[in-house]
Amino acid sequence: MFTNRTANRVKVLDWGGRGLCLWCQRLEVGQSPFPPVTDGRLELTATRVVHADDTPVKLRVTGSPKAKTAHLWAAVGDADFPDVVFDFAADHTAVAPAAFFTGFKGDLQAD
């Protein structure tokens, strides 16, 4: 489940066994189930503890015969902020996680 940048539509990717299906629902003003998004980013400052983990994923690059390894970061907060937030990084440097966690002042647990 995710939203567009303006948070006025909720989208769900569903795997039905034969292929992916994208479900979309328009939301009325003020009905977003997600925390506010600022400058295209979700602020993680509402939680005291975040558990984060990255998962390597294959990234197909146009013109390249071989896929490269990118990383999908998942972060989940404490009981007050139990939502899972995802971020994509095209490489495994510290740049993407540092930008993702900018402004976060709590405890970060990662493996």
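As a starting point, this report considers the structure included with it. (Residues numbered from 1 in each chain as written. Predicted model: local features only at pLDDT ≥ 70, side-chain atom pairs only at ≥ 80, totals over all residues. Heavy atoms only, no water.)

### Topic: the overall build of the chain
Thought 1: Looking only at helices and strands, the chain features one helix and nine strands.
Thought 2: The secondary structure elements of the chain, listed N-terminal to C-terminal, are β-β-β-β-β-β-β-β-α-β.
Thought 3: Burial status across the chain gives 22% buried among its 111 residues.
Thought 4: A sequence separation of at least 24 residues applies to 38% of the contacts in the chain between residues at least 6 apart.
Thought 5: A total of about 8,300 Å² of accessible surface is found on the chain, and carbon and sulfur atoms cover 56% of it. (Helix = DSSP H or I, 4+ residues; strand = E, 2+ residues; numbered from the N terminus. Buried < 20%, exposed > 50% of the residue type's maximum accessible area, 1.4 Å probe, protein only. Contact = heavy atoms within 4.5 Å. Areas by Shrake-Rupley, 256 points an atom, 1.4 Å probe, with all protein chains shown as cover.)

### Examining a nonpolar patch on the surface
Thought 1: On the surface, F2, L13, W15, L20 and L22 cluster together into a nonpolar patch covering about 570 Å² of accessible area.
Thought 2: Contributions of two or more residues to the nonpolar patch are made by β2 (9-15) and β3 (20-26).
Thought 3: Here W15 is to be found in strand β2.
Thought 4: W15 gets classed as exposed once you look at its relative accessible area, which sits at 56%. (Patch = residues over 30% accessible without salt bridge, like charges linked within 9 Å, V, L, I, M, F, W, Y side chains within 5 Å. Salt bridge = Lys/Arg side-chain N within 4 Å of Asp/Glu carboxyl O.)

### Side note on the pairing of β3
Thought 1: Counting buried residues in β3 gives zero out of seven residues, a small share hidden from the surface.
Thought 2: Taken together, the seven bridges between β2 and β3 define a ladder with antiparallel strand orientation. Considered in β3, the bridge of V10 is made with Q25.
Thought 3: Here β2 hands over to β3 after four residues, with G17 in that stretch at a positive phi of 95 degrees. (Pairing = 2+ DSSP bridges.)

### Section: the sheet that holds strand β8 (residues 84-89)
Thought 1: Read across the sheet, four strands follow the order β8-β7-β6-β9 without closing on themselves; strand pairing throughout is mixed. Two strands bound the open sheet, and with one partner strand each, they are β8 and β9 (107-110). Mean inter-strand twist for the sheet, computed between neighbouring axes without regard to direction, equals 30 degrees.
Thought 2: In this sheet, β8 lies alongside strand β7 (residues 68-76) in antiparallel orientation, the contact comprising six bridges. Counterpart to H71 in the pairing with β8 is A89. (Axes fitted to C-alpha atoms, helices over the stretch in contact; angles between N-to-C directions.)

### Describing the packing of aromatic side chains
Given two aromatic rings, their pairing is described by the distance between the two centres and the angle made by the two planes.
Thought 1: Applying the stated rule across the entire model yields two aromatic pairs.
Thought 2: Note on F100 and F101: the rings are 4.9 Å apart at their centroids and 80 degrees apart in plane angle, and the pair reads as edge-to-face. Each member of the pair, F100 together with F101, is buried. (Phe/Tyr/Trp six-rings, centres within 6.5 Å; stacked < 30°, edge-to-face > 60°.)

### Examining the environment of G106
Thought 1: Examined against the element boundaries, G106 turns out to sit in the loop between α1 (95-100) and β9.
Thought 2: Note on G106: relative accessible area 31%, which makes it partly exposed.
Thought 3: Between the alpha carbons of G106 and R48 there is a distance of 4.5 Å; along the sequence they are 58 residues apart.

### Considerations on the pattern of salt bridges
Thought 1: With the rule as written, the count across this model stands at one salt bridge.
Thought 2: A salt bridge links R48 to D78; the shortest N-O distance between them is 3.5 Å. With a gap of 30 residues between them, R48 in the loop between β5 (41-42) and β6 (49-59) and D78 in the loop between β7 and β8 connect regions that are remote in the sequence.
Thought 3: A residue is classified by how much of its surface remains accessible, and D78, at 14% relative accessible area, is buried.

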